[in-house]
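Tertiary structure, described
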Amino acid sequence: MDIKKEVWAQTPDGKTVYKYTLTNSKGASVTLSNIGAAIVSIMVPDRDGKLADVVLGYDEAMSYMGDGPCLGKCPGRFANRIAKGRFSIDGVEYKLPVNNGPNHLHGGPGGFQNKIWESRIEADAVEFMYFSEDGEMGYPGNLKVIAHYEWSEDNELKLSFTAECDAPTHVNLTNHVYFNLDGEGSGSILDHVLKLNCSEYLPTDASQIPLGDSEPVAGTPMDFVNAKPIGRDIRADFEALKIGNGYDHCWVIDGAEEGQLQAAVKLWSEKSGRLVEIFTTQPGIQVYSGNWLTGCPQGKNGHSYRNNDGVALECQHYPDSPNKPEYPSTRLNPGEVYEEAIIFSFRTI
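The structure presented is a predicted model; accordingly, all values stated were derived computationally and were not measured.

1. Examining unusual backbone geometry
With an omega of 10 degrees, the peptide bond running from glycine 76 to arginine 77 counts as cis. Relative to the helices and strands, arginine 77 resides in the loop between β5 (51–53) and β6 (81–82). Positive phi outside glycine occurs at methionine 137, with the angle close to 55 degrees. Examined against the element boundaries, methionine 137 turns out to sit in the loop between β11 (125–132) and β12 (143–151).

2. A few points about the sheet that holds strand β3 (residues 29–33)
Strand order in this open sheet of five strands is β1-β2-β3-β4-β5, and the pairing throughout is antiparallel. Among the strands making up the open sheet, the edge pair consists of β1 (2–10) and β5. Each adjacent strand pair in this sheet contributes to an overall mean axis angle of 15 degrees, direction not counted. Direction of pairing for β3 relative to strand β4 (residues 38–45): antiparallel, over a ladder of five bridges. Bridging from a neighbouring strand, threonine 31 pairs with serine 41 of β4.

3. Points about the packing of aromatic side chains
Here the structure, examined in full by the defined rule, presents 19 aromatic pairs. Ring centres of phenylalanine 112 and tyrosine 130 lie 5.1 Å apart, and the angle between their planes is 55 degrees; this geometry places the pair in the tilted category. Placement of the pair is phenylalanine 112 in the loop between β9 (104–105) and β10 (118–122) and tyrosine 130 in strand β11, with a sequence separation of 18 residues. Judged by its relative accessible area of 1%, phenylalanine 112 is buried. With a relative accessible area of 10%, tyrosine 130 lands in the buried category. Aromatic pair phenylalanine 179 and phenylalanine 346: ring centres 6.0 Å apart, planes at 65 degrees, arrangement edge-to-face. Here phenylalanine 179, found in strand β15 (residues 178–179), pairs with phenylalanine 346, found in strand β26 (residues 338–348); they are 167 residues apart in sequence, far enough to count as distant. Joined through ring pairs, the aromatic side chains of Tyr18, Tyr20, Phe128 and Tyr149 make up one cluster. The ring of tyrosine 18 has lysine 5 sitting right over it, with the charged end atom 4.3 Å from the ring centre. It is lysine 228 that lies over the ring of phenylalanine 224; its NZ or CZ is 4.5 Å from the centre.

What counts, and where the lines are drawn
Residues numbered from 1 in each chain as written. Predicted model: local features only at pLDDT ≥ 70, side-chain atom pairs only at ≥ 80, totals over all residues. Heavy atoms only, no water. Helix = DSSP H or I, 4+ residues; strand = E, 2+ residues; numbered from the N terminus. Pairing = 2+ DSSP bridges. Axes fitted to C-alpha atoms, helices over the stretch in contact; angles between N-to-C directions. Phe/Tyr/Trp six-rings, centres within 6.5 Å; stacked < 30°, edge-to-face > 60°. Buried < 20%, exposed > 50% of the residue type's maximum accessible area, 1.4 Å probe, protein only. Lys NZ or Arg CZ within 6 Å of the ring centre and 35° of its normal.

Just distances and angles here, no functional claims.
Spelled out as structure tokens, the structure:
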């Protein structure tokens, strides 16, 4: 595995932004950055062997800072939404900044996705570390997070998260990469075919906070148990799709068990023949069909991304878990180690 490190930019406050490119013997590569521990490029072949970059991103490093879509980055301390920016631990209420309607999203405006992480090459992998201080964005406890990336000869990208704290807190980590398997900037993903290993999803209120119990997808536009194009039902007369301006909900992964990798998703393009399969230890997956991409910073190669030009498949714990004791817990206590993994496996059909 060849790993190349280069300086990409300097932030206004003097921090160095790096890019790391991992290239296997077949020429397929992944480029990462210490801005938000981001995936900035994945170059994989189509059915004819032609390489293309299949993730949305920016040419300018500083476009990643504070971008609305959170392209390719690792949000935290809590990915997704927390209702009204509040939760309690052991009877003590914590207040977080509200930055998405009435709710807290992706750790707030100063979330992990907008931080410069420490970084290093570790054998054939790249590691990013961020130390979140007690009280940052309202969260209790000091938290040390490591995002560890490996790229294989078989075009498999493995992301492992670990975290430790010195006081009880809540943690929910993911990567917010957007895929377009025809190549970034090639237009809509609504004809991409999606298959989810999920027979239930979490309905939400109008502000996209889960109501509570999951519901079956059968007989609804939320059903991807049998593979179908993302765009087939996206404009259906269905409340969830109206709320999200398309797909932007959390699905419950069938058979999920703590600490066990489970097949979650297959996404492919009939046009290019590229397919990505995602495995994870997480219990849920937020599918976001890029419903608000129009107006984001200029993309790579001068492209202007529009709504539905990429799809994010975010393996994570359920939204608002700190306020939903019936959900798998996101609480992390001192002496415990948060450990989760996501694998993106690319091939052709």
